[in-house]
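Each chain is listed here by its residues.
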Amino acid sequence: MARLSVTLGLCLLFSCAFAQQPPPPAAGSCAACHGQEGQGTAAFPHLAGLGEAYIRRQLDAFASGERANATMKPVASGLSETQRQAVAAYFSSLKMAPADSASAEPPDGPGRELAVHGRWDQELPACVQCHGPDGRGIGEDFPPLAGQPAGYLEDQLKAWRAGQRPAGPQGLMGHIAERLDADDLKAVAQYFAALPAAPKESGHE
Amino acid sequence: MNKSVLMVVAGCAVLGSAAWLFAMGLTGGPEDYAERYAGQSAPPAQTAGKSAGEAGKAGEAASQPSPAAKDAPAKPAAPVATSAPPRSAIPDNEFGKLVRQGEQIFANPGQFASDWVGNDLSCQNCHFDAGRYDQTASLRSAWPMYPAYRGKNKHVNDFAERLQGCFTYSMNGKAPPRDGEVIQALQAYAFWLAKGMPTGEQPEVRGYPKVADPAEPPSYARGETVFQEHCALCHGDDGQGQKAAGGAPGFPPLWGAGSYNWGAGMHRVNTAAAFIKAAMPLGKPDLTDQQAWDVALFINSHERPQDPRFNGSVKETAERFHQHQGEYGKTVNGQVLGEHSPPSGTVPRSPSP
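Just so you know, the residues in each chain are numbered from 1, in the order the chain's sequence is written. Ligands are numbered from 1 and chains lettered from A, in the order in which they are written. The predicted nature of this model means local features are confined to residues of pLDDT at least 70 and side-chain atom pairs, given and counted, to a pLDDT of 80 or more, with totals for whole chains, interfaces and linings taken over all residues.

- As annotated in an unreviewed UniProt entry, chain B carries the name C-type cytochrome and comes from Alloalcanivorax gelatiniphagus.

- As annotated in an unreviewed UniProt entry, chain A is C-type cytochrome from Alloalcanivorax gelatiniphagus.

Below, the structure written as structure tokens:
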């Protein structure tokens, strides 16, 4: 146990210094769906670069069943607290690969309108106000949406509406999802799915 | 204002509009007017919102037929606007270009008016939805109220000078020249948003909605608790905000060198309390009046950039310019606020790390 803590501590310590740390053994079970580097696959969300606290909170919620997910429940339940923390730290330290420069511009329309401007006659803020101007997230608690699979994003909004996912810090997302209808969910999910998860040219912003 | 006065005013407005429409019918109207509104449709009627009832009443009053209206051309007088025109109505012409530029500046002054901005704030941090949201001092409610006398500088300010004040104080920057691009674009944007607002009439939606006086005098200690429980998630435990991934603007800093200075309206505890009560936390404004006052005091009891009118003495500056509900010059946690302020007017601002 002590040795594991030391190893984990060192991993955390060096995560800034090295572009890539060796994955903790527990991360092996994530790769099949989320990719070796946490880059995601067609239907499964990317984990690379998400906030450590955010990933940890999700793993805990999957394990407890508060975030209802038949696939993730057994996976998360099978991880110890230490392993969950190690997995969260690992994927949080990774970066998404720069987008293919040929990727299409996101569609203009109601999804963009909601994402960029919100709908203030319903006191609905713009998504980008908390998830960043390019949808690449802000800090530990507001995860990136850009480049996540549209189906995944839509399912999350539905889950909040159905009470199958914790409403998040201060209940913010639960409160927001209440004011979105089925068309809104689809449109806004498609908008963020079309945005690049990382800048087109790395280091140039 | 009683009902009969309102009716008379509304009646005059209809009369005036009818006469004007008639004249336009004869002359074809000034070209710039036609250009300005090309493609702009009437805003949709607002069905929700706190001001809808009042605005609706004014609209009904304005649509009462008056004797003169019978003789006017068929086109009816426009009712008082109940919301800003939709973005899609900005015309595709030179005027529209200026309006769009104004909106861009308003939404992201640090990028589009960087020569004049000295902190990490944006106009829309305090005026939501790029100045369109009526609960947070919308632009359409400000435009019709200028020129106006301001106690702050003791003379009549036109809208351009009022905007310059925003840069000097809230943006801790420098006033852009009144005939320059920045002020011209912001004026065009405000003017366009105010379509259908009666000039010189106090709009129902002006400023922030008033917050009731607190039951208890505002408390720094209670405010700190409110801050940590309701604000720190976004603005940080230290109130310094958070940048978005890649360094883009995220959540604004509430005090310190990157925030508004000691001359900005928001440093007043009553103004901040009203804003917070109406709008914070973002999208879920559910604080009690007391919590809003307490946290407003807490936030405004921290150092921020110096008042640009500072004459070298905090005591004198406080006596001369701070006879209001603010903490400048007062002692908090053993330090006199204003004695350790970062400088004002720090432009151009070096990019934050």
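Having seen it, we continue.
1. Quick look at the overall build of chain B
Part 1 of the argument: Think of it this way: any DSSP run of H or I at least four residues long counts as a helix, any run of E at least two long counts as a strand, and we number them from the N terminus. In terms of regular secondary structure, chain B is built from 13 helices and four strands.
Part 2 of the argument: A burial count over chain B gives 44% of its 353 residues as buried.
Part 3 of the argument: For chain B, the share of sequence-separated contacts (at least 6 apart) that also reach a separation of at least 24 residues comes to 69%. Three exposure classes are used. Buried residues have 20 or more other C-beta atoms within 10 Å of their own C-beta, exposed residues have 12 or fewer, and partly exposed residues fall in between, all C-beta atoms being placed from the backbone. A residue pair is marked as a contact if its C-beta atoms, positioned from the backbone, fall within 7 Å.

2. Here we look at the overall build of chain A
Part 1 of the argument: The helix and strand tally for chain A stands at 10 helices and zero strands.
Part 2 of the argument: Reading chain A from its N terminus to its C terminus gives the helix and strand order α-α-α-α-α-α-α-α-α-α.
Part 3 of the argument: The 205 residues of chain A split such that 39% are buried.
Part 4 of the argument: A separation threshold of at least 6 residues defines the contact pool for chain A, and within that pool the share at least 24 residues apart is 66%.

3. So, the UniProt feature "domain: Cytochrome c" (unreviewed entry) in chain B
Residue and element names in this part refer to chain B.
Part 1 of the argument: Here, UniProt's "domain: Cytochrome c" (unreviewed entry) annotation points to residues 97-194 and 218-303.
Part 2 of the argument: Secondary structure across residues 97-194 comprises 47% helix and 6% strand; the distance between its end C-alpha atoms is 17 Å.
Part 3 of the argument: As annotated, residues 218-303 comprises 44% helix and 0% strand, and the C-alpha atoms at either end are separated by 18 Å. UniProt positions are given in the numbering used here, feature names are shortened, and annotations may be inferred rather than shown by experiment.

4. Here's the deal with the interface of chain B and chain A
Part 1 of the argument: On the chain A side, the residues contacting the 22 residues of chain B number 24 residues.
Part 2 of the argument: For the side of chain B that touches chain A, the secondary-structure elements that each account for two or more residues are helix H6 (128-131) and helix H10 (220-235) of chain B.
Part 3 of the argument: Residue type decides the class: Asp, Glu, Lys and Arg count as charged, Ala, Val, Leu, Ile, Met, Phe, Trp, Tyr, Cys and Pro as nonpolar, and the leftover types, Gly among them, as polar. Looking at side-chain class alone, the side of chain B that touches chain A contains 11 nonpolar, eight polar and three charged residues.

5. With respect to unusual backbone geometry
Residues and elements named next belong to chain B.
Part 1 of the argument: In the segment running from Tyr146 into Pro147, the intervening peptide bond is cis, with an omega of 5°.
Part 2 of the argument: By secondary structure assignment, the location of Pro147 is in the loop between helix H7 (139-142) and strand S1 (148-150).
Part 3 of the argument: With an omega of -10°, the peptide bond running from Met280 to Pro281 counts as cis.
Part 4 of the argument: Its location among the elements puts Pro281 in the loop between helix H11 (269-279) and helix H12 (289-299).
Part 5 of the argument: Despite not being glycine, Lys154 has its phi angle at roughly 55°, a positive value.
Part 6 of the argument: Relative to the elements of secondary structure, Lys154 occurs in the loop between S1 and strand S2 (155-157).

6. Digging into the nonpolar core
Residue and element names in this part refer to chain B.
Part 1 of the argument: Within the largest apolar cluster, 76 residues are counted, with the highest numbers of intra-cluster contacts made by Leu186, Tyr189, Ala190, Ala273, Phe275, Ile276 and Ala296.
Part 2 of the argument: Listed by contribution, the elements that provide at least two residues to this core are helix H4 (94-107), H6, H7, helix H8 (159-168), helix H9 (181-193), H10, H11 and H12.
Part 3 of the argument: If one sorts the elements of this core by residue count, H9 sits on top with 10 residues.
Part 4 of the argument: When sequence neighbours within four positions are dropped, the list of residues in contact with Phe275 reads Cys126, Thr136, Tyr208 and Met266. A set of buried Ala, Val, Leu, Ile, Met, Phe, Trp, Tyr and Cys residues, joined to one another through C-beta atoms within 7 Å, is what we call a nonpolar core.

7. Some thoughts on the packing of H11 of chain B against H12 of chain B
Residue and element names in this part refer to chain B.
Part 1 of the argument: Only C-alpha atoms enter the line fits that serve as axes; for helices the fit covers just the stretch in contact. Angles between N-to-C directions range over 0 to 180 degrees. Closest axis-to-axis distance for the H11/H12 pair is 8 Å, and the angle between their directions is 130°. Compared by their axis directions, H11 and H12 come out oblique. In the packing of H11 onto H12, the handedness of the crossing is right-handed. In this structure, H11 uses Val269, Ala272, Ala273, Ile276 and Lys277 to contact H12, whose residues at the interface are Asp289, Ala292, Trp293, Val295, Ala296, Leu297 and Ile299. Each angle gets one of four labels, with under 35 degrees taken as roughly parallel, over 145 as roughly antiparallel, 65 to 115 as roughly perpendicular, and the rest as oblique. Crossings are classed by handedness, with left-handed meaning an anticlockwise turn of the near helix from the far one by less than a right angle and right-handed meaning a clockwise turn.

8. Structural notes on the UniProt feature "domain: Cytochrome c" (unreviewed entry) in chain A
Part 1 of the argument: What UniProt calls "domain: Cytochrome c" (unreviewed entry) maps, in this numbering, to residues 4-95 and 106-196 of chain A.
Part 2 of the argument: End C-alpha to end C-alpha, residues 106-196 of chain A measures 9 Å, and it is 47% helix and 0% strand.

9. A few points about helix H6 (residues 110-117) of chain A
Residue and element names in this part refer to chain A.
Part 1 of the argument: All of the buried residues in H6 are Gly111, Leu114 and Ala115. End-on view of H6: buried residues confined to an arc of 95°, all on one side of the axis.
Part 2 of the argument: The inward-facing, buried residues of H6 abut helix H7 (128-131) and helix H10 (182-194).
Part 3 of the argument: Two residues or fewer after H6 comes Gly118, characterised by a positive phi angle close to 75°. The directions from the helix axis to the C-beta atoms form the arc being described.

10. Concerning the packing of H4 of chain B against H9 of chain B
All names here are of chain B.
Part 1 of the argument: Where H4 contacts H9, the two axes come as close as 7 Å, and the packing angle between them is 100°. With respect to each other, H4 and H9 are oriented roughly perpendicular. Contacts between H4 and H9 involve Phe95, Leu98, Val99, Gln101, Gly102, Glu103, Ile105 and Phe106 from the former and Val182, Gln184, Ala185, Leu186, Ala188, Tyr189 and Trp192 from the latter.
Part 2 of the argument: For the contact of H4 with H9, the per-class residue count stands at 11 nonpolar, three polar and one charged.

11. Let's talk about the confidence of the model for chain B
Residue and element names in this part refer to chain B.
Part 1 of the argument: Across chain B, pLDDT averages 84, with 77% of residues at or above 70.
Part 2 of the argument: The predictor rates its confidence in each residue with pLDDT, a number between 0 and 100. Counting contacts from residues 18-69, a segment whose pLDDT is below 50, to residues more than four positions away or on other chains yields 74 contacts.
Part 3 of the argument: In the predicted complex, the global pTM is 0.81; the interface-specific ipTM is 0.85.

12. Observations regarding the domain arrangement of chain A
Part 1 of the argument: Entries for chain A in the domain assignment read domain 1 (2-93) and domain 2 (110-194).
Part 2 of the argument: Facing 15 residues of domain 1 of chain A, the contacting portion of domain 2 of chain A comprises 14 residues. Boundary definitions for the domains trace back to an automatic or database domain assignment.

13. So, helix H8 (residues 150-161) of chain A
Residue and element names in this part refer to chain A.
Part 1 of the argument: By definition here, a helix of n residues has an expected span of 1.5 Å times n minus one. Taking 1.5 Å per residue, 12 residues should reach 16 Å; H8 reaches 17 Å between its end C-alpha atoms and fits that length.
Part 2 of the argument: For H8, every residue scored as buried is listed here: Leu153, Gln156, Leu157 and Trp160. What you see down the axis of H8 is that its buried residues fit within an arc of 95°, all on one side.
Part 3 of the argument: On its buried face, H8 sits against helix H9 (172-177) and H10.
Part 4 of the argument: Residue Gly163 follows H8 closely and has a positive phi angle near 70°.

14. With respect to the confidence of the model for chain A
Residue and element names in this part refer to chain A.
Part 1 of the argument: Considering every residue of chain A, the mean pLDDT works out to 87; 85% of them sit at 70 or more.
Part 2 of the argument: For chain A, the element scoring lowest by mean pLDDT is helix H1 (residues 2-14), at 49; H7 scores highest, at 97.
Part 3 of the argument: The model gives residues 9-19 a pLDDT under 50, and that stretch makes seven contacts with residues more than four places away or in other chains.

15. Quick look at the environment of Thr317 of chain B
All names here are of chain B.
Part 1 of the argument: Mapped onto the fold, Thr317 is located in helix H13 (residues 314-321).
Part 2 of the argument: Its 20 C-beta neighbours within 10 Å are what place Thr317 among the buried residues.
Part 3 of the argument: As a C-alpha pair, Thr317 and Val332 span 15 residues in sequence and 17 Å in three-dimensional space.
Part 4 of the argument: In this structure Thr317 touches Asp307, Arg309, Phe310, Asn311 and Gly338, once residues within four positions along its chain are discounted.

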